[in-house]
Amino acid sequence: MMSEQVYKIPNNKAPKRMQWWMVVLLLAIFTVILMAVGTTLVGMEYKSKKETQLHYRERMDPLQTEPGLTPADTTAIKDVQPIKVSTGIYVDRIEELSMRELSWTVDFYIWFNWSDTLLKSADNFQVIDGSIVSKEKKDEYIQGATHYVLYRIVAKITSVFDEMRFPCDDHLLTVCIEAPSYVRQKLVFIADSVNSSVSSRVKIPGYRIYRQGTVEKPHSYKTSRGDPRLNGIKATFSQYRLGVWIRRDGWGFFLKMFLPLYVAVAVAILAFFIKPTDTDPRFGLGVGALFAAVANSYINSSMLPNTGVMSLADIISIIGTITILLTLIESTISLHLYDRKDKKMLSHRFDRLSFYVLLLGYVTFNISLLLAAAL
């Protein structure tokens, strides 16, 4: 009697399940990393916005000291009453504003009005953090103790713009006036808020003015400048400030900057629908998109100073470049599965899952960044 031989059919389900688990695990790791990085960067942008708004309030609040500045010394000088000078500014033009050059140029009228014979002239004033390009006395009126004088000034002012949220940025432009011959204990500016304003003709390309205000604020230096009359008191001056709040006007500028990058990312992701063995179009789309992203990043970076700050524009460019790089890595893995391992169906499913994960992650990440920075 012949013995029966039992043939066992190989079970290929376990290796297949293992392969699927590897694909799912790879995509899960990518998703977790994307969410972690995205949450961190979105949090940075939101925190930057809140800190900037707080800094603007401190800059125009006479009772608060801005971070990094010397606290005001308002100690009075015995038997000395300060001269009170009503001061106002009317901005006629903002000639130019350059974030890269860290400066802006403004054309404005400034007037001084006082009733004290101790002050003979208001000609000796200066623009803090800037230089006066031109100065012209337009009018002067004297009647008894009443003095009034009007100047037209063109000044170039240095300003450290907050580039963290560029190009969804907003800024506070300030014109700061001091009288260097009189400490605050001897002369105090009174802000003429009623007559101070910004002309409706003032236009800043890419921005719109949404608020303005004036304030008098004490400004102390870390030294008495060797003045024996101060008896060791820090030199503190009355500073008149005009603030102009500006923000980006719409999304046109943003789209001009990043539409080429978004198109490049879209083209790179669409390569997932090309057969992996068609290597020329499959990898050519990604490589071309990568060069386009780098060129777009280089052009956008030329608008900002080399301060080392990671701006919103830098983050968007970096994430776009990394996304394109991931498409090339995915194509390499898919080609390996399709050609070397002969796992055509697995390669096909890997492409489809990668398409949805990358597309959804990239879109969600960009929308979250914009909401955190702009709203």
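Each remark here, short or long, concerns the structure printed above.
Note that the coordinates shown come from a computational prediction; the quantities given were computed from them, not determined experimentally. The written sequence of each chain sets the order in which its residues are numbered from 1. Confidence filtering applies because this is a predicted model: local features only for residues at pLDDT of at least 70, side-chain atom pairs given and counted only at 80 or more, and all residues used for totals across whole chains, interfaces and linings. Hydrogens and water are ignored here; the side-chain numbers use all heavy atoms of the structure.

1. Topic: the packing of helix 3 (residues 279-301) against helix 4 (residues 312-340)
Interaxial angle, 0 to 180 degrees, is taken between N-to-C directions of lines fitted to C-alpha atoms, where a helix line uses only the stretch in contact. Secondary structure elements follow DSSP: runs of H or I no shorter than four residues count as helices, runs of E no shorter than two count as strands, and numbering proceeds from the N terminus. Two numbers describe how helix 3 lies on helix 4: the axes approach to 9 Å, and their chain directions differ by 165°. The pairing of helix 3 with helix 4 is recorded here as roughly antiparallel in orientation. Crossing of helix 3 over helix 4 shows left-handed handedness. Contacts between helix 3 and helix 4 pair Thr279, Arg282, Phe283, Gly286, Val287, Ala289, Leu290, Ala293, Ser297, Asn300 and Ser301 from the former with Asp314, Ser317, Thr321, Ile324, Leu328, Glu330, Ser331, Thr332, Ser334 and Leu335 from the latter. In this classification, the charged set is Asp, Glu, Lys and Arg, the nonpolar set is Ala, Val, Leu, Ile, Met, Phe, Trp, Tyr, Cys and Pro, and all remaining amino acids, among them Gly, are polar. In the contact of helix 3 with helix 4, the residues fall into eight nonpolar, ten polar and three charged. Angle categories: roughly parallel below 35 degrees, roughly antiparallel above 145, roughly perpendicular from 65 to 115, and oblique for all the rest. Should the near helix be turned counterclockwise from the far one by less than a right angle, the crossing is left-handed, whereas a clockwise turn marks it as right-handed. Here, residues are in contact when the closest pair of their heavy atoms is within 4.5 Å.

2. Focus on the sheet that holds strand 6 (residues 170-178)
To summarise the sheet geometry, strands pair through backbone hydrogen bonds and adopt either a parallel or an antiparallel arrangement. Pairing between two strands is assigned when DSSP locates at least 2 bridges connecting them. Sheet architecture is open: four strands sit in the order 3-6-10-9, paired in antiparallel fashion. Strand pairing shows two members of the sheet lacking a second neighbour, strand 3 (126-127) and strand 9 (207-220), which therefore form its edges. As paired elements, strand 9 and strand 10 (residues 236-248) share 13 bridges and run antiparallel to each other. When the sheet's bridge partners are listed, Glu216 is paired in strand 10 with Tyr240.

3. Thoughts on helix 3
Every α-helix carries 3.6 residues per turn, so stepping three or four residues along brings you back to the same face. To estimate the expected span of a helix, count its residues, drop one, and scale the result by 1.5 Å. With 23 residues, helix 3 should cover 33 Å at 1.5 Å per step; its first-to-last C-alpha distance of 33 Å lies within 8% of that length. If you check which residues of helix 3 are buried, you get Arg282, Phe283, Gly286, Ala289, Ala293, Asn296 and Asn300. Summarising the contacts, the buried residues of helix 3 are in contact with helix 2 (252-270), helix 4 and helix 5 (344-374). Only protein chains enter the calculation, and the probe is 1.4 Å; a residue is then buried if its accessible area is under 20% of its type maximum, exposed if over 50%, and partly exposed in between.

4. Comments concerning the side chain of Ser48
Looking at where Ser48 falls in the secondary structure, it is placed in helix 1 (residues 13-59). When near neighbours in sequence (up to four residues on either side) are disregarded, Ser48 contacts Asp162, Met164 and Arg165.

5. Comments concerning the side chain of Asp351
Relative to the helices and strands, Asp351 resides in helix 5. In this structure Asp351 comes out as buried when scored by relative accessible area, which is 3%. Here a polar contact is taken to be a pair of N or O atoms separated by no more than 3.5 Å, where protein atoms must pair a possible hydrogen donor with a possible acceptor and residues adjacent in sequence count only if both atoms sit in side chains. Polar side-chain contacts of Asp351 include one of 3.0 Å to the side chain of Ser334. Other than its neighbours up to four places away in sequence, Asp351 contacts Phe272, Pro276, Arg282, Glu330 and Ser334.

6. What about the nonpolar core?
If you look at the biggest cluster of nonpolar residues, it comprises 66 residues, and the most contacted ones within it are Ile89, Val91, Phe108, Ile110, Phe112 and Val175. In contact with Val175, other than residues within four places in its own chain, are Ile89, Trp104, Val106, Phe108, Ile157, Tyr240, Arg241 and Leu242. With five residues, the next largest nonpolar core counts Tyr56, Met60, Leu172 and Trp245 among its residues. Here, nonpolar core means buried Ala, Val, Leu, Ile, Met, Phe, Trp, Tyr and Cys residues that are tied together by side-chain atoms lying within 4.5 Å of each other.

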